[in-house]
Amino acid sequence: MNLLLTNIGRLAGIRDARAPLRGAALAELPALEDAYLIIEDDRIAAFGPMSSLAQQPGAFRAHIDCCGGTVLPAWVDSHTHLVFAGSREAEFVDKIRGVSYAEIAARGGGILNSARLLNETSEDELFRQGWTRLQELRRLGTGTIEIKSGYGLTVEGELRMLRVARRLREKSGMPVRSTFLGAHSFPAEYRDDREGYIRLIIEEMLPRIAAEGLADYIDVFCEENFFTPEQTIRICTAGRAHGLKPRLHANQLAVSGGVQAGIGVGAVSVDHLESMDDAAITALAGSDTMGTLLPTAAFFLRMPFQPARALADAGCALALASDFNPGSSPSGNMNLVVSMACIGMKLLPEEAINAATFNGACALEWQEQCGSIAVGKRADLILTRPIPSLAYLPYAFGSNLIEKVLLGGEPL
Ligand SMILES: N=CN[C@@H](CCC(=O)O)C(=O)O
Ligand SMILES: [Zn+2]
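Procedures and definitions
- Residues numbered from 1 in each chain as written.
- Chains lettered and ligands numbered in written order.
- Predicted model: local features only at pLDDT ≥ 70, side-chain atom pairs only at ≥ 80, totals over all residues.
- Heavy atoms only, no water.
- UniProt positions renumbered as here; feature names shortened; annotations may be inferred.
- Donors = N, O, S within 2.8 Å, 3.2 Å for Na, K, Ca; no water.
- Helix = DSSP H or I, 4+ residues; strand = E, 2+ residues; numbered from the N terminus.
- Buried < 20%, exposed > 50% of the residue type's maximum accessible area, 1.4 Å probe, protein only.
- Salt bridge = Lys/Arg side-chain N within 4 Å of Asp/Glu carboxyl O.
- Near = heavy atom within 4 Å.
- Polar contact = N/O pair within 3.5 Å; in protein donor to acceptor, adjacent residues only side chain to side chain.
- Areas by Shrake-Rupley, 256 points an atom, 1.4 Å probe, with all protein chains shown as cover.

Per an unreviewed UniProt entry, the protein goes by Imidazolonepropionase and derives from Flaviaesturariibacter flavus. Quoted verbatim from the Catalytic activity (unreviewed entry) heading of the UniProt record, the comment on the protein is "4-imidazolone-5-propanoate + H2O = N-formimidoyl-L-glutamate". On record in UniProt, under Sequence similarities (unreviewed entry), the comment for the protein is "Belongs to the metallo-dependent hydrolases superfamily. HutI family."

**Observations regarding the coordination of the zinc ion (ligand 2)**
The zinc ion (ligand 2) binds to the protein through His79 (NE2), His81 (NE2), His249 (NE2) and Asp323 (OD); the donor distances cover 2.0 to 2.3 Å. Look at where the donors of the zinc ion (ligand 2) fall in the sequence and you get H-x1-H-x167-H-x73-D. Placement of His81 in the loop between strand E6 (75-77) and helix H1 (89-96) and of His249 in strand E11 (residues 248-250) is noted, with a sequence separation of 168 residues between them. The class of His81 is buried, set by a relative accessible area of 1%. Owing to a relative accessible area of 3%, His249 belongs among the buried residues under this scheme.

**Topic: the pattern of salt bridges**
As enumerated under the stated definition, the model contains 21 salt bridges in all. Measuring nitrogen to oxygen at the nearest pair gives 3.9 Å for the salt bridge that ties Glu33 to Arg10. You can see Glu33 sitting in strand E2 (residues 31-40) and its partner Arg10 sitting in strand E1 (residues 2-12), a full 23 residues away along the chain. Glu33 gets classed as exposed once you look at its relative accessible area, which sits at 53%. Its salt-bridge partner being Arg378, residue Asp380 comes within 2.8 Å of it at the nearest N-O pair. The pair formed by Asp380 and Arg378 is uniform in burial state, with each residue classed as buried.

**Comments concerning the site of ligand 1**
Around ligand 1, a shell composed of 15 residues is seen, among which Tyr101, Tyr151, His184, Gln252 and Ser328 lie nearest. One of the side-chain N or O atoms of His184 is found 2.7 Å from a nitrogen atom in ligand 1. A distance of 2.8 Å separates an oxygen atom of ligand 1 from a polar side-chain atom of His272. Protein chains shield 100% of the accessible area of ligand 1, which is 330 Å² for the free molecule.

This is the structure:
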């Protein structure tokens, strides 16, 4: 059975490419004015100008009149920590009072605060909280998502987080990628035995995660006072031996060497990139690794935004993601991410939308099934109310312009 969308004022993000967008291509968002689109089961079956709709045979199970609204691919959020316990607004207030993110982490707050909470929370309760968050994000237009562990920092806690991510995928039917981030921080009991914790990751966590098939990727927080580039490379190499490709947290708080370490181990993506020097930019531009920018994290921590313009102009492939987490980005709203990328980082609206859709899909190696409008791709679509131009989307930041979201061909 199929579903017909008519009177689409603008069908944007039409693309059949396979390679990540960079340079001039990143600024092109092919669109069709006054269009229809046909969905069969969970896939896009056809689209074209309204004037040619009469040539499409068949009966339709349902019909949505888009009334001139814009249709674009649903957001692909390629970096989140969606599974976490509780919240950390007390630290938010501490930061308002002048305590820095690094100081909060050094005194046992931050990631370790979330790890303590998570280890006191049952799998069912974690799932309940994660499901509530995921429902909100779906209504905000997120169709594909990556979810990391990293707030367990114990064998059982890390496994529990990844099992919750698997349950979220099963219940939602969404494409969900899972990433093992045991190397998110050193737990308090390993403060003076960092090597011991790295052994726990490599010798105990990784084999169990691989045996249960719980993760697609391995991630490390490569940062001053967290994991060094050398430790990062060791952990990623061990992950690869278990079939997990690397993706990294790199160059957030300092020029950490994380970008070059990530490229060296063939990371699919290096994420954050608030702190970049010329060497890191040049290395990224010359690599196949995606640079994933997380503007809401920079915003929330009051850090300078990622140098997106310099990265785009150097020819880096760029994705945008929410980094949804309780400490540095307690929002997974990709509409806001796209606005902030334009406002704070000077990406053009077309660049930002491509980075949050097609390049996000590339960052999850799922560009063949989502991230653009193409026949055969998942029918994960955002329908806006009528807007004067595509640029109006990031311009009207804070307004919810979404009229309807369809995921896997089903209206929410
Ligand atoms: N930077 C490291 N990890 C998270 C923040 C984690 C936290 O503060 O809980 C991030 O991506 O921003
Ligand atoms: Zn993160």
